[in-house]
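The lines below spell out each chain.
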Amino acid sequence: MTKLNVRVVLASAATALLLAACSQAGGEAKTSEAASATAPASTQAATFEARPDIREGVQALPRVVGDTPAIAAINADLARIDADTEGCEEGSYGRSVSQPMTGPGFVTYAMADEYFCEGTAHPSFVYTAITWDLSTGRRVDWVAAAPGLSGTRPDSEGQTLPASHEPTLQSETLAELYARKMLASTDAEWLGQCRELFTEETLADDYFKVWLDAQTGGVSFSADFPHVSQYCAETATMNEEEMRRFGVTPAMIDAVLAATAAENFGPKG
């Protein structure tokens, strides 16, 4: 072989090695991108800024820390709720706040309001839980987020509702699941007083409060019973298998399972 031919062969080999290296690097980059796209949700919790009480006994909602448009929208909604906090004209009112989920992906605020208005024999308790999507800044629409429940919302057209109002969900599927979970209670005394409320006929026209709950490990829900039956409105939770069965979005399932494992909720006890 001549020296010229040797140089040509060596040059061709070097070119081939270079192309192979570039191809491998490109492949690794694509593999890395694919792995990133299918990676599990981060377990990182959102951070919050505490606010002073609105007045004695009335807790303010902590604001989410961040400068994205979605977080700004959530904080604006939280500010509207705080500004719309009213009690009785005569009597006492208090509100405590907890956060059943603090990320990733979603945050849930729970408000326990207690009214003891003049002229009433007993105090009234209202529990409201609202889940926001950190990527959009909007409240979760449970009709769309869990299509397998075939849920519907009550007609609130023409009504003046408080800023904290969260539409409830009516669903025969959810009613059946709720009844089954309530009837499985081991609290014989409680069940003896409440059993009659957990029949298909009784629950058929009822609505349910629904929220994402890292503390209980899934989608929690409770019956929106009237005041006289509130004692029986215990909370139930869909586990992972039930969430998948009822079509809860995979991103939401991954997020709540990651949040439960990381204990992203507060207070802890």
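Presented here is a report on the structure given in the accompanying data block. (Residues numbered from 1 in each chain as written. Predicted model: local features only at pLDDT ≥ 70, side-chain atom pairs only at ≥ 80, totals over all residues. Heavy atoms only, no water.)

## Some points on the layout of surface pockets
Rules: The rule is simple: put a 1 Å grid over the protein atoms alone, call a set of points where a 1.4 Å probe fits but cannot get out a cavity, call an open set with protein on both sides within 12 Å along at least five of seven lines a pocket, and count a residue as lining if it has an atom within 4 Å of a point. Grid points are joined across faces, edges and corners, and a volume is the space filled by probe spheres set on the points. Numbering of helices and strands runs from the N terminus, with a helix taken as a DSSP run of H or I at least four residues long and a strand as a DSSP run of E at least two residues long. Residues are grouped as follows: Ala, Val, Leu, Ile, Met, Phe, Trp, Tyr, Cys and Pro are nonpolar; Asp, Glu, Lys and Arg are charged; every other residue, Gly included, is polar.
Space inside the largest pocket adds up to approximately 890 Å³. Elements with a minimum of two residues in the lining of the largest pocket: strand 3 (91-102), strand 4 (106-117), strand 5 (124-133), strand 6 (208-213) and strand 7 (218-223). Partitioned by chemical class, the residues of the lining of the largest pocket number 18 nonpolar, 8 polar and 8 charged.

## Structural notes on the side chain of N264
Quick reminder of the rule: We call a residue buried when its accessible area falls under 20% of the maximum for its residue type, exposed when it is over 50%, and partly exposed in between, using a 1.4 Å probe and counting protein chains only. Whenever two N or O atoms come within 3.5 Å, that pair is a polar contact, provided that in protein one can donate a hydrogen and the other can accept it, and provided that, for residues adjacent in sequence, both atoms are side-chain atoms. A contact between two residues is defined here by any heavy atoms of the two lying within 4.5 Å.
Tracing the backbone through its elements, the reader meets N264 in the segment after helix 8 (250-262). Classification of N264 by relative accessible area gives buried; the value is 6%. Polar side-chain contacts of N264 include one of 3.0 Å to the backbone oxygen of G103. Not counting residues within four places of it along the chain, the set of residues in contact with N264 comprises T43, Q44, A45, P100, M101, T102, G103, P104, A214 and A259.

## Side note on the sheet that holds strand 6
As a reminder of what qualifies: For two strands to be treated as a pair, DSSP must find at least two bridges joining them. Axis definition: a line fit to C-alpha positions, over the contact stretch in the case of helices; interaxial angles, taken between N-to-C directions, run 0 to 180 degrees.
If you walk across this open sheet you meet the 3 strands as 6-7-8, and the pairing is antiparallel. At either margin of the open sheet sits one strand with a lone partner, and together these are strand 6 and strand 8 (236-238). Strand-to-strand twist in this sheet, taken as the mean axis angle between neighbours without regard to direction, amounts to 30°. One ladder, built from 6 bridges, connects strand 6 with strand 7; its direction is antiparallel. Among the inter-strand pairings, W211 is bridged to a residue of strand 7, identified as S220.

## So, the pattern of salt bridges
Applicable threshold: Take a side-chain nitrogen of Lys or Arg and a carboxyl oxygen of Asp or Glu: if they are within 4 Å of each other, that pair is a salt bridge.
Taken as a whole and judged by the stated rule, the model has 12 salt bridges. Two residues, D224 and K209, come together in a salt bridge whose shortest N-O distance is 3.9 Å. Of this pair, D224 sits in the loop between strand 7 and strand 8 while K209 sits in strand 6, and the two are 15 residues apart along the sequence. For D224, a relative accessible area of 34% corresponds to the partly exposed category. Between R244 and E240 there is a salt bridge, and its shortest N-O distance comes to 2.9 Å. Of this pair, R244 and E240 both sit in helix 7 (residues 240-245), 4 residues apart, which is roughly one turn of the helix. Residue R244 is classed as partly exposed on the basis of its relative accessible area of 44%. Look at E240 and you get partly exposed, because its relative accessible area is 36%. Look at the salt bridges and you will find they share partners, linking D77, R80, R139 and E166 into a network.

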